[in-house]
Amino acid sequence: MNQQTVEIVIVGGGISGLSTAYYLEKEATQHNLAVHITVLEREATLGGKIATQRQDGFVFEGGPESFVTRKLEAWELCHELGLQDRLVGTTRSGKNYVLHNGRPAIVPDGPGSFLSTPLLSLGGKLRLLKEPFVKPRTDSSDESLGSFLRRRLGDEMVDNIVKPAIGSVYLGDVDAMSVQVSFGRFAEMEQQHGSVVKGMFALMKEKRAERKASGEARPPKKPAFATLQGGLMELVNTLAEQIEGEILRETAVTNLSHNPTNAQPYKVELSDGRSLNADMVVLTTPTFVMADLLEGVVETAVTEQLRAIPYNPVTTVNVAFNRSEIEDPFDGFGVVVPESETSQLLAIEGMSAKFPHRAPGDQFVLRAFVGGQRQPELADLPEAELISLVRQELAQIFGISARPTQIHIQRWQPANPQPPVGHLAMIAEVERKLADQLPQLYLTGAGLRGQGVPDCIRQSRNLVEQILADLQPASQTLAA
Ligand SMILES: Cc1cc2nc3c(=O)[nH]c(=O)nc-3n(C[C@H](O)[C@H](O)[C@H](O)COP(=O)(O)OP(=O)(O)OC[C@H]3O[C@@H](n4cnc5c(N)ncnc54)[C@H](O)[C@@H]3O)c2cc1C
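Residues numbered from 1 in each chain as written. Predicted model: local features only at pLDDT ≥ 70, side-chain atom pairs only at ≥ 80, totals over all residues. Heavy atoms only, no water.

Asks: Please explain the pattern of salt bridges as it appears in this structure.
Replies: Enumeration over the complete set of coordinates arrives at 27 salt bridges. Glu65 serves as the salt-bridge partner of Arg358, at 3.0 Å between the closest nitrogen and oxygen. Placement of the pair is Arg358 in the loop between α12 (351-354) and β18 (363-371) and Glu65 in the loop between β4 (58-61) and β5 (67-68), with a sequence separation of 293 residues. We classify Arg358 as buried; its relative accessible area is 1%. (Salt bridge = Lys/Arg side-chain N within 4 Å of Asp/Glu carboxyl O. Helix = DSSP H or I, 4+ residues; strand = E, 2+ residues; numbered from the N terminus. Buried < 20%, exposed > 50% of the residue type's maximum accessible area, 1.4 Å probe, protein only.)

Asks: When you look at the domain arrangement of the chain in this model, what are you seeing that I'm missing?
Replies: We note that the domain assignment places domain 1 (6-48 + 238-309 + 420-471), domain 2 (52-71 + 83-92 + 312-417) and domain 3 (113-214) within the chain. Listed as interface residues are 8 residues of domain 1 and, on the opposing side, 9 residues of domain 3. Of the roughly 580 Å² buried between domain 1 and domain 3 on both sides combined, carbon and sulfur atoms contribute 66%. Of all residues in domain 1, the largest losses of buried area upon contact with domain 3 belong to Val421, Leu424 and Gln451, amounting jointly to 65% of the total for that side. Linking domain 1 with domain 3 are 0 salt bridges. Linking domain 1 to domain 3 there are 1 residue pair in polar contact (both at pLDDT 80 or more). Taken together, the residues that form the side of domain 1 that touches domain 3 break down as 3 nonpolar, 4 polar and 1 charged. (Domains from an automatic or database assignment. Contact = heavy atoms within 4.5 Å. Buried area = accessible area lost by both parts, 1.4 Å probe. Polar contact = N/O pair within 3.5 Å; in protein donor to acceptor, adjacent residues only side chain to side chain. Nonpolar A, V, L, I, M, F, W, Y, C, P; charged D, E, K, R; others polar.)

Asks: Got a minute to help me understand the packing of helix α5 (residues 145-153) against helix α7 (residues 179-193) in this structure?
Replies: The description of two helices packed together rests on the angle between their axes and the distance between the axes. Viewed as axis vectors pointing N to C, α5 and α7 meet at an angle of 30°, and their least axial separation amounts to 10 Å. In terms of orientation, α5 lies roughly parallel with respect to α7. The handedness of the crossing between α5 and α7 comes out as left-handed. On the side of α5, the interface is formed by Leu145, Phe148, Arg151 and Arg152, while α7 contributes Val179, Ser182, Phe183, Phe186, Ala187 and Glu190. Here the residues of the contact of α5 with α7 are counted per class, giving 6 nonpolar, 1 polar and 3 charged. (Axes fitted to C-alpha atoms, helices over the stretch in contact; angles between N-to-C directions. Parallel < 35°, antiparallel > 145°, perpendicular 65-115°, else oblique. Left-handed = near helix turned anticlockwise from the far one by under 90°.)

Asks: Mind showing me how you'd approach the environment of Arg86 here?
Replies: Tracing the chain through its elements places Arg86 in the loop between α2 (73-80) and β6 (87-89). A relative accessible area of 30% means that Arg86 is categorised as partly exposed. When the C-alpha atoms of Arg86 and Gly230 are compared, they prove to be 7.9 Å apart, with 144 residues separating the residues in sequence. Among the polar contacts made by the side chain of Arg86, one reaches the side chain of Glu234 at a distance of 2.6 Å.

Asks: Sorry if this is basic, but what is going on with the site of the ligand here?
Replies: If you check the shell around the ligand, you find 36 residues, and the closest are Ser16, Glu41, Lys49, Gln451 and Val453. Contact distances for the ligand include 2.8 Å between an oxygen atom and a side-chain N or O atom of Lys49. For the ligand, an oxygen atom lies 3.2 Å from a polar atom in the backbone of Glu65. Every element with two or more residues in the shell around the ligand is listed here: α1 (15-30), β15 (311-322), β19 (406-417) and α16 (453-471). (Near = heavy atom within 4 Å.)

See below:
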């Protein structure tokens, strides 16, 4: 048993930093390892991109508004933290739309809507049906998401439906983003089963067989997306409450140095003039901040690679209205805007249609996305111009001329990473170099292997496993 307390500094109090701290403490206790964790957060509020604002009965989300439950990590963490009764799921009736000739058109989600959708021509529809018969690529190296989907589903599907959806969700360009980071599961299906459709059927069959073999009943169906009644900040606050170590807000890391001859080799300098010595450091900030902190501490190639990962800005604008003043309140989950449309928005989300608890009484909330890779300069518009742009667009698309009852603006400059083709191989190389040059300094977070909230939690869990393996004396074996 290792009796010496390991001093661990985690830089960043977003979901990645907090979930790393939480799982690290939990696993260390289970493995009889003494650790002391300090989480350092530059801002006064924890959560990073998770930014819930509750006011006058509204739950406004400035960043992520829900998480997908197909990836289990966020769902499981909420249960583990005792938040299961606070979870709210989407109903199955919610529809997604693409703006088409200035009007929202439903994204086909079944045979009926597929046949009638104006978003695809007959040729585009027939091309989609060919997916199971399209020859798989033999090379398993990374490619762009656009190139993968164009091969499998055809250009029309990509240009008319996928590209605008990716542009609003990831704020990036499908033809530049790595398929391995964003949709690695589908690329694997092609490699293993020759087609995505065949891969999905194989997966369903496999799951059925597993359940049959184990005698387990079919688990209750989860909603596709979930959030918390008080917004995603509830997850952040609950995590923070359960972390036993220290969490220092309004404390930025300004410099990092490494001296392997010291008993505690890392020195972490803070914005308040103090410094901390640590055995281990975990960086969970955006990758360009990691690059700044590692400048001069590791070889330049590493900092250059981290700094080269592009990020795009976005501003979200939540707008509330009196429902009674709107002729036909939009009841879909969201509308994404293709480049071919004249609208200057990236997307509009039906915030209260998706989760009614977000708006009190007769209120109705939409959220506009402005900026992204397409028009980054719009994310910077002064407040009055931004509001005017959003109101004009809502009038044009939904015919809403009513005066908003509330407006909530959140600017992310920059927002989400845009991992380019070859990103995962580059990250693996960076990590190899760090392991050589800076032992016990680790990276995790949205800029590495997936940016959704569940992706961030998954990476934290994987990192904790790795840290535990590194901390355990060779003679001790890890519990499963
Ligand atoms: C508008 C928007 C909508 C989104 N919607 C969804 C969604 O619906 N569902 C979903 O799953 N995901 C969504 N995402 C993605 C997801 O929210 C983020 O990828 C994720 O929250 C990032 O978490 P993180 O902890 O890795 O990074 P961050 O949240 O960026 O946290 C990093 C932290 O590091 C701190 N920091 C930076 N520099 C320093 C320093 N020098 N010293 C100390 N601290 C520092 C920052 O202040 C920040 O708190 C959305 C993102 C955005 C921007």
